[in-house]
Amino acid sequence: MNKNMKVITAVVLALALTACGDKADTKPSVTPTMPSGGIDAPGFERTMMNAEREVTGEKYEHGDDGYFLLADNGIKTELKMQKGARTGWAFAASTSMETAAFLNDKKEIKIDPFDILKTVYTEDKKEGIFSESGNYLVVSGHGRYIADALSNGFNNGVLSYAKNCENLTPEQIKEEIKTHGAMTMGIKETHNGRGFNDGYFTQYDKNNIGDHIVAVVGWDDHFPKEIFAKTHFVETPSQDGGWIVQDSLNNSDYVYISYDTKLVDTYIFGLSDEYSRVDTYDGGCEGKIKTGQTTELKNIFHREGTLKAVGTFVPSDGESVEIKVFDEKTDKLLAEQAQTFNARGYYTVPLKEAVEVKDYRIEITYDKEAPVEGEKWSDGFVKYLPKIGGGQSYVKIGKKWYDLADKATKKKLGIDFKPNNACIKALF
């Protein structure tokens, strides 16, 4: 076959691969369907030049330096093909949780993505995140929805952490993935920057607006930037290298995302089965307050049990907290714990020793911002509904504690929204 015939054959194959495929997370579908694969989705633009390069180009092969893949290190990362057009975020999160369990506890677990969906959008709760339609298959989701919902309990356990890695450096993110598991990442699914070049699925989207979530399972620092540019309409990135991801809409292989792509909706999730009960008043952290150099919140609980840990959100990167547990009737200090977190998100903090409690309070001092429920909101697809009662959550202003349920507290805080409950959880 001469060179011209090779080019014609390549173009025919390219045109076949650009047929319209399945919808990304942003397209609703009441009846879940199995997508046929990422290369059939809109956005895989081809040209004769691209097709010829695929036939004649010299294939890149990675080396050991600057390359890492969870699967190469004995950590299973099953590629799950999503069902439902807007469920990719739950599929990516399940991969994060499964890899975290292996890295943290040497356990092989299976997380059903639909258990995540049901937990986030269940109607069987008094407050939190809800689907406006009552159908969790016709709305998408975000990492913070998972943090809000699963921090109150999931499959006889609770989140141990939901790390928001958006502001971490690439080197910090790499260390987090090595230590804590796969990271979720938002991408634009139907984007002209997606391509299939030199045997690799690639994407470069400098101004990334994520409408689909994938699981980052590795990276290659030396992946040539020129390969990304072989896709139609794509300029050459400023640097070599890319994140290696599993895409629940692509059943063929890994996708390489250029390091120049803006990071959005990046979370690493870990689960713990050490706790069977969570006492809390909040439906998730959708707000934050600050009263000075530090901010103090407290929750008062009235339930007997063996307190093993305290859960809370930290709204700022590099934030430190000081936790104290008191008997509410005798004012006796029962436990105290301090911890610093490199990334904002949700964290479960185990106590040094479990303590018996009945009527007790948990006070937390945050050295930056403090987490509260915030006001209700709706975007037309998803709504957030918080509820608060008197005698539950308090904020310290000066030397005095003020009930967050009191309307006057909002004015004293000098904020323009209703704070509702403090995001403090007791784990048993």
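Here's what I pulled together on the structure shown here. Sequence order as written defines the numbering, with residues in each chain counted from 1. Selection of residues for local features in this predicted model requires a pLDDT of at least 70, selection of side-chain atom pairs for listing and counting requires 80 or more, and totals for whole chains, interfaces and linings are taken over all residues. For side-chain calculations, the full set of non-hydrogen atoms in the structure is used, while hydrogens and water are omitted.

**Overview of the sheet that holds strand 2 (residues 128–131)**
Strand pairing within a sheet occurs via backbone hydrogen bonds; the two strands may be parallel or antiparallel. Short version of the rule: One bridge is not enough; two strands pair if DSSP finds at least two bridges between them. In this description a helix means any DSSP run of H or I spanning at least four residues, a strand means any run of E spanning at least two, and both kinds are numbered starting from the N terminus.
Strand order in the open sheet formed by 3 strands is 2-19-18, and the pairing between neighbours is antiparallel. At either margin of the open sheet sits one strand with a lone partner, and together these are strand 2 and strand 18 (377–378). Where strand 18 lies against strand 19 (residues 382–385), 2 bridges are found, and the strand directions are antiparallel. Directly across from Ser378, in strand 19, lies its bridge partner Lys383.

**Considering unusual backbone geometry**
Despite not being glycine, Asn155 has its phi angle at roughly 50 degrees, a positive value. Among the structural elements, Asn155 can be located in the loop between helix 5 (143–150) and strand 3 (158–164). At Asn420, a position not held by glycine, the phi torsion is positive, near 60 degrees.

**What about the environment of Asp331?**
Worth spelling out the cut-off: We call two residues in contact when some of their heavy atoms are within 4.5 Å. Any N or O atom pair separated by 3.5 Å or less is treated as a polar contact, with the protein-specific requirement of one donor-capable and one acceptor-capable atom, and with residues adjacent in sequence counted only for side-chain atom pairs.
When you line up the elements, Asp331 lands in the loop between strand 14 (319–327) and strand 15 (333–341). Between the C-alpha atoms of Asp331 and Arg361, which are 30 residues apart in sequence, the distance is 9.1 Å. Ignoring anything within four residues of it in the chain, the contact list for Asp331 reads Phe326 and Arg361. At 2.5 Å, the side chain of Asp331 forms a polar contact with the side chain of Arg361.

**Observations concerning the packing of aromatic side chains**
As a reminder of what qualifies: Aromatic pairing here means that ring centres of Phe, Tyr or Trp (its six-membered ring) are within 6.5 Å. Orientation follows from the plane angle: under 30 degrees is stacked, over 60 is edge-to-face, and everything else is tilted. Burial classes follow relative accessibility: with a 1.4 Å probe on protein chains only, a residue under 20% of its type's maximum area counts as buried, one over 50% as exposed, and anything between as partly exposed. Any Lys NZ or Arg CZ found within 6 Å of a ring centre and within 35 degrees of that ring's normal is scored as a charge over the ring.
All chains considered together, the criterion is met by 20 aromatic pairs. Ring plane angle 85 degrees and centroid distance 6.0 Å describe the contact between Phe91 and Phe114, whose orientation is recorded as edge-to-face. One end of the pair, Phe91, is in helix 3 (residues 88–105); the other, Phe114, is in helix 4 (residues 113–121), and 23 residues separate them in sequence. Accessibility assignment for this pair places Phe91 and Phe114 in one class, buried. Between the aromatic rings of Tyr360 and Phe428, the centroid separation amounts to 6.4 Å while the plane-to-plane angle is 75 degrees, which identifies the pairing as edge-to-face. You can see Tyr360 sitting in strand 16 (residues 345–366) and its partner Phe428 sitting in the segment after strand 22 (424–427), a full 68 residues away along the chain. What links up through ring pairs into an aromatic cluster is the set Tyr60, Tyr200, Phe223, Phe228 and Tyr256. Cation over ring: Arg86 sits above Phe381, and NZ or CZ is 5.5 Å from the ring centre. Against the face of Tyr161 rests Lys163, its NZ or CZ located 5.9 Å from the ring centre.

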